[in-house]
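Take a look at the letters that make up each chain.
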Amino acid sequence: MKIAVCVKQVPDATVHKRLDPSTHRLDRSGEGALNPTDLNAVEEALRLRDAHGGEVAILSLGPERAMDSLRKALAMGADRAVLVSDAAAAGSDLVATSHALATALGREEPDLVLFGQQSSDADGAVLWAAVADRLRRPMVSQVAELTIEGGTLTGKRQTEFGYDVISAPLPAVVAVSDAINEPRYPSLKGIMGAKSKPQETVSLADAGIEADRVGEAGSKTTVRAVAPPPAKSDQVKLEDDGSAAEKIVEYLAEKRLI
Amino acid sequence: MDLDLTSEQELIRDTVRAFARERVAPVAEELDREARFPVELVRELAELGLMGIPISERYGGAGGDTVSYAIAIEELTRIDSSVAITVAAHTSLGTMPINLFGSDEQKERWLPDLASGRKLAAFGLTEPDAGSDAGATRTTAELRDGSWVVNGSKMFITNAGTELTWGVTITARTGEDEISNIVVENGTPGYEISGPLHKLGWKASDTRELTFADCAVPEGNLLGPRGEGFHQFLEILDGGRISVAAMGVGLAQGAYDLADAYARERRQFGKQIGKFQAVAFKLADMAVEIEAGRQLVSKAAWLKDQGRPFALEAAMAKLYTGELSHRVVNQALQIHGGYGFMDEFPISRLYRDQKILEIGEGTNEVQRMVIAKHLGL
């Protein structure tokens with residue numbers, strides 16, 4: 001079985017995130033890391049490969065340095081990594097990014113495409129749906145348990161009130177939640193071995209992606225202005241000496257919120 | 001000149017950092033309180049390949065460089081010294097004598113279990129009456145009927161008595177003016193291991209006194225040529241100093257992390273105490289020293305990886321980081337005020353764990369002797 005995992009390099013959790021006022025984009029100059037739920041997707045792909053055979057390819061659209069983060073997936077055990085990187089792709093929104101990934105996936109022809117549920121920077125949680133739509137493939141999201149038998153996948157999907165169990169024929173697209181597994185730590189052997197695994201950085205032209213359908217040219221949204229969130233004001237810190245509940249009620253009443 | 005880590009070294013740092021935070025930090029306080037050796041954590045570390053970082057892949061190690069090894073030890077110490085010294089003593093002291101001086105046959109026989117972390121190794125140099133003056137070793141090994149018959153005792157030996165321990169390499173007097181290194185496996189008749197020693201810090205690490213009474217080991221357990229033991233242990237200690245120096249940086253960084261977080265959270269006189277210059281300057285000084293110490297460790301590790309002489313730099317790094325960790329942990333506890341004196345606050349554990357960094361693997365005074373000697377004094 002051929003599994004492709006779409007991943008994203010996001011600012012490391014310890015980096016203070018900042019929007020660049022001139023480009024209106026997230027400042028990505030600080031340390032990067034693989035998006036947290038993408039680690040769950042990689043882990044699930046490795047388990048499926050180990051159970052069913054086949055290969056795990058990692059796919060990403062991003063700046064060249066994103067390969068450092070893709071290497072973590074290789075160190076965990078993925079077989080190869082493909083990074084689509086091109087100056088013309090910078091600033092791609094959902095529509096443009098989904099076009100780029102769908103085109104690259106079209107060439108790979110995987111049986112299963114895995115995504116992490118959402119990225120920790122943009123937090124859109126829709127990219128997988130857009131990619132599945134472009135590929136005209138069934139899609140299951142928020143998956144907390146995944147099994148594959150024959151040519152059919154069964155996903156246990158977390159909902160507000162419990163679980164939906166959904167089956168779909170392969171090829172298909174699945175977005176996993178962080179409840180699906182505990183991602184492994186890459187072993188030292190895995191880390192040392194990652195450098196000898198295939199790692200391709202390809203341009204838009206190499207990947208067969210039309211330049212005018214990605215980047216700002218291919219994006220359907222425009223960021224008109226960015227501003228930092230307003231400073232929190234009017235905070236009250238209560239130390240609980242047993243009367244905190246009463247004090248909270250008092251405070252809310254005083255603010256006429258209850 | 002390039003001060004960047006390679007992407008592999010960065011990945012090793014991130015992995016060990018995550019492991020230390022997620023797996024070690026939640027149990028560190030309990031392990032310390034119960035003075036319990038973390039056998040489960042050692043098994044997990046072994047699975048990740050962290051028990052044999054600088055040992056060749058041929059023998060089941062990770063084949064990593066010294067820089068990577070130092071980074072891993074630093075990141076572990078940042079969270080817990082007991083776990084870090086377990087790894088460092090096993091690698092630099094327990095496994096390294098066999099790796100450096102063992103014959104091919106000895107390496108084939110012993111290294112795979114050690115480099116993979118399935119078993120732990122110890123190194124027995126210090127004796128009740130031979131500490132800094134390690135050459136004054138009194139333990140004897142006499143060749144009799146194809147066996148080395150060992151008599152004597154060893155003191156403060158890390159990893160010697162855990163359920164994973166395979167054995168110990170000891171320095172012993174094999175002649176009038178002759179010291180050799182000999183391997184004694186656990187279970188050898190005449191080899192006795194004391195109960196765990198009770199310590200100020202490093203409570204979850206295993207420390208024992210060893211006694212040998214007519215303990216006969218095969219003649220083939222001699223490491224390298226007979227009489228080379230003195231030079232061998234000096235070489236072992238040179239390399240080991242890099243890992244203990246990395247512990248100094250890690251401990252200081254861990255203390256800084258705690259003090260920094262506390263200074264942002266604790267409010268007195270109506271504001272965060274970190275906003276007071278008295279506290280902010282302390283943190284600034286700590287940050288400077290830690291960075292300087294880290295560079296010294298990196299330099300020593302890098303020199304070793306280049307195959308260049310590194311003994312002077314390793315001694316400098318060990319001395320400097322031992323002393324800087326003392327200053328940093330002291331100020332970090334000071335910033336915590338009364339809470340820092342309480343067992344519930346991790347800084348109190350780091351404070352206790354720090355002192356040995358100025359004593360183990362050569363005291364500050366011995367480091368100064370080594371450095372002065374290298375300077376031709």
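Keep in mind that this is a model prediction, so the values were computed, not measured. (Residues numbered from 1 in each chain as written. Chains lettered and ligands numbered in written order. Predicted model: local features only at pLDDT ≥ 70, side-chain atom pairs only at ≥ 80, totals over all residues. Heavy atoms only, no water.)

**Some thoughts on the overall build of chain A**
Logical step 1: Check the secondary structure of chain A and you find seven helices and eleven strands.
Logical step 2: The proportion of buried residues among the 258 residues of chain A is 42%.
Logical step 3: Of the contacts formed within chain A by residues at least 6 apart in sequence, a portion of 71% connects residues at least 24 apart.
Logical step 4: Approximately 13,500 Å² of chain A is accessible, and the part contributed by carbon and sulfur atoms is 50%.
Logical step 5: Positive and negative side-chain charges in chain A, numbering 30 and 38 respectively, have mean positions lying 3 Å apart. (Helix = DSSP H or I, 4+ residues; strand = E, 2+ residues; numbered from the N terminus. Buried < 20%, exposed > 50% of the residue type's maximum accessible area, 1.4 Å probe, protein only. Contact = heavy atoms within 4.5 Å. Areas by Shrake-Rupley, 256 points an atom, 1.4 Å probe, with all protein chains shown as cover. Lys, Arg positive; Asp, Glu negative; His and termini not counted. Charge placed at Lys NZ, Arg CZ, Asp CG, Glu CD.)

**Section: the packing of helix 6 (residues 229-265) of chain B against helix 7 (residues 277-305) of chain B**
Residues and elements named next belong to chain B.
Logical step 1: Helix 7 packs onto helix 6 with a crossing angle of 155° between their chain directions and a minimal axis gap of 9 Å. In terms of orientation, helix 6 and helix 7 fall into the roughly antiparallel class. Helix 7 is crossed by helix 6, and the crossing has left-handed handedness. Packed against helix 6, whose contacting residues are Gly239, Ile242, Ala245, Ala246, Val249, Ala252, Gln253, Tyr256, Ala259, Asp260 and Ala263, the element helix 7 presents Val279, Leu283, Met286, Ala287, Ile290, Gly293, Arg294, Val297, Ala300, Ala301 and Lys304 at the interface.
Logical step 2: Of the residues that constitute the contact of helix 6 with helix 7, the class distribution is 16 nonpolar, three polar and three charged. (Axes fitted to C-alpha atoms, helices over the stretch in contact; angles between N-to-C directions. Parallel < 35°, antiparallel > 145°, perpendicular 65-115°, else oblique. Left-handed = near helix turned anticlockwise from the far one by under 90°. Nonpolar A, V, L, I, M, F, W, Y, C, P; charged D, E, K, R; others polar.)

**Digging into the pairing of strand 1 (residues 2-6) of chain A**
All names here are of chain A.
Logical step 1: The buried count for strand 1 comes to four of five residues, which makes it a mostly enclosed element.
Logical step 2: Note that strand 1 and strand 4 (residues 55-61) share five bridges and pair parallel. Paired with isoleucine 3 across the two strands is valine 56, which belongs to strand 4. (Pairing = 2+ DSSP bridges.)

**Topic: the interface of chain B and chain A**
Logical step 1: Counting from both sides, the interface comprises 21 residues of chain B and, opposite them, 13 residues of chain A.
Logical step 2: In terms of surface lost to chain A, no three residues of chain B exceed Glu8(B), Leu11(B) and Leu48(B), which account for 36% of the buried area on that side.
Logical step 3: For the pair chain B and chain A, the number of links is two salt bridges.
Logical step 4: Of the charged contacts in the structure, one is a salt bridge between Arg13(B) and Glu31(A), with a shortest N-O distance of 2.9 Å.
Logical step 5: Our enumeration of links across chain B and chain A arrives at five residue pairs in polar contact (both at pLDDT 80 or more).
Logical step 6: Per-element tally for the side of chain B that touches chain A: the top contributor is helix 1 (residues 7-34) of chain B, with eleven residues. (Buried area = accessible area lost by both parts, 1.4 Å probe. Salt bridge = Lys/Arg side-chain N within 4 Å of Asp/Glu carboxyl O. Polar contact = N/O pair within 3.5 Å; in protein donor to acceptor, adjacent residues only side chain to side chain.)

**Comments concerning unusual backbone geometry**
Logical step 1: The residue after Leu170(A), namely Pro171(A), is reached through a cis peptide bond having omega 0°.
Logical step 2: If you trace the backbone, Pro171(A) turns up in the loop between strand 9 (163-169) and strand 10 (172-176).
Logical step 3: A positive phi is found at Ala35(B), a non-glycine position, where the angle reads about 45°.
Logical step 4: Mapped onto the secondary structure, Ala35(B) falls in the loop between helix 1 and helix 2 (39-47).
Logical step 5: We classify Ala35(B) as partly exposed; its relative accessible area is 45%.

**Details of the domain arrangement of chain B**
All names here are of chain B.
Logical step 1: Partitioning chain B into structural domains gives domain 1 (7-115), domain 2 (121-227) and domain 3 (230-374).
Logical step 2: Using C-alpha coordinates to define each centre, domain 1 is positioned 22 Å away from domain 2.
Logical step 3: With 26 residues of domain 1 at the interface, the matching set in domain 2 holds 22 residues.
Logical step 4: When the two sides are added together, the surface that domain 1 and domain 2 hide from each other amounts to roughly 2,000 Å², 66% of it contributed by carbon and sulfur.
Logical step 5: Our enumeration of links across domain 1 and domain 2 arrives at one salt bridge. (Domains from an automatic or database assignment.)

**Section: the nonpolar core**
Nonpolar side chains in soluble globular proteins tend to be buried together.
Logical step 1: Membership of the largest hydrophobic core comes to 129 residues, with the highest contact counts inside it found for Val5(A), Ile58(A), Leu112(A), Leu114(A), Leu146(A), Leu153(A) and Ile335(B).
Logical step 2: If you tally residues by element for this core, the top one is helix 6 of chain B, at 16 residues.
Logical step 3: With near-sequence residues (within four places) excluded, Leu112(A) lies in contact with Lys2(A), Ile3(A), Ala4(A), Leu48(A), Leu146(A), Ile148(A), Leu153(A), Leu170(A), Ala172(A) and Val174(A).
Logical step 4: Among the nonpolar cores identified, the runner-up in size contains 26 residues, and Leu59(A), Ala100(A), Ala175(A) and Ala207(A) belong to it. (Core = buried A, V, L, I, M, F, W, Y, C linked by side-chain atoms within 4.5 Å.)

**Notes on a nonpolar patch on the surface**
Logical step 1: The grouping of Val236(A), Leu238(A) and Ile248(A) at the surface amounts to a nonpolar patch, some 250 Å² of accessible area in total.
Logical step 2: Inspection of the secondary structure puts Val236(A) in the loop between helix 6 (215-218) and helix 7 (244-254). (Patch = residues over 30% accessible without salt bridge, like charges linked within 9 Å, V, L, I, M, F, W, Y side chains within 5 Å.)

**Observations concerning the pattern of salt bridges**
A pair can form between side chains of opposite charge whenever their charged atoms are brought close.
Logical step 1: Evaluation of the coordinates by the stated rule reveals 44 salt bridges over all chains.
Logical step 2: In this structure, the salt-bridge partner of Arg80(A) is Glu108(A), at a minimum N-O distance of 2.5 Å. Here Glu108(A) lies in helix 3 (residues 94-108) and Arg80(A) lies in strand 5 (residues 80-84), a separation of 28 residues in the sequence. Both residues of the pair, Arg80(A) and Glu108(A), count as buried.
Logical step 3: A salt bridge links Lys355(B) to Glu358(B), with the nearest nitrogen and oxygen atoms 3.2 Å apart.
Logical step 4: On the basis of relative accessibility, which here comes to 33%, the residue Lys355(B) falls in the partly exposed class.
Logical step 5: Taken together, the shared-partner salt bridges in this structure form one network comprising Lys2(A), Glu55(A), Arg80(A) and Glu108(A).

**Some thoughts on the packing of helix 3 (residues 66-79) of chain B against helix 4 (residues 81-101) of chain B**
Residue and element names in this part refer to chain B.
Logical step 1: Packing of helix 3 against helix 4 leaves a shortest axis separation of 6 Å and a crossing angle of 155°. Classified by the angle their axes make, helix 3 and helix 4 are roughly antiparallel. For the pair helix 3 and helix 4, contact is made by Tyr69, Ile73, Leu76, Thr77 and Ile79 and by Ser81, Val83, Ala84, Val87, Ala88, Thr91 and Ser92, respectively.
Logical step 2: Of the residues assigned to the contact of helix 3 with helix 4, the class counts are eight nonpolar, four polar and no charged.

**Quick notes on the confidence of the model for chain B**
Logical step 1: Looking at chain B as a whole, the pLDDT averages 97, with 100% of positions reaching at least 70.
Logical step 2: The ipTM assigned to the predicted complex is 0.85, against a pTM of 0.89. (pLDDT = per-residue confidence, 0-100.)

**Quick word on the side chain of Asn181(B)**
Residue and element names in this part refer to chain B.
Logical step 1: Within the secondary structure layout, asparagine 181 lies in strand 5 (residues 178-185).
Logical step 2: Reaching out from asparagine 181, the side chain makes a polar contact with the side chain of glutamine 232 at a distance of 2.8 Å.
Logical step 3: Not counting chain neighbours up to four residues away, the residues in contact with asparagine 181 comprise Phe123, Thr169, Ile170, Thr171, Asn221, Leu222, Leu223, Gly229, Gln232 and Phe233.

**Here we look at helix 2 (residues 67-76) of chain A**
All names here are of chain A.
Logical step 1: The buried fraction of helix 2 amounts to eight of the ten residues, a majority that puts the element mostly inside the structure.
Logical step 2: Every buried residue of helix 2 is listed here: Met67, Ser69, Leu70, Arg71, Ala73, Leu74, Ala75 and Met76.
Logical step 3: Note on helix 2: the residue one or two positions beyond its end, glycine 77, has a positive phi of about 140°.

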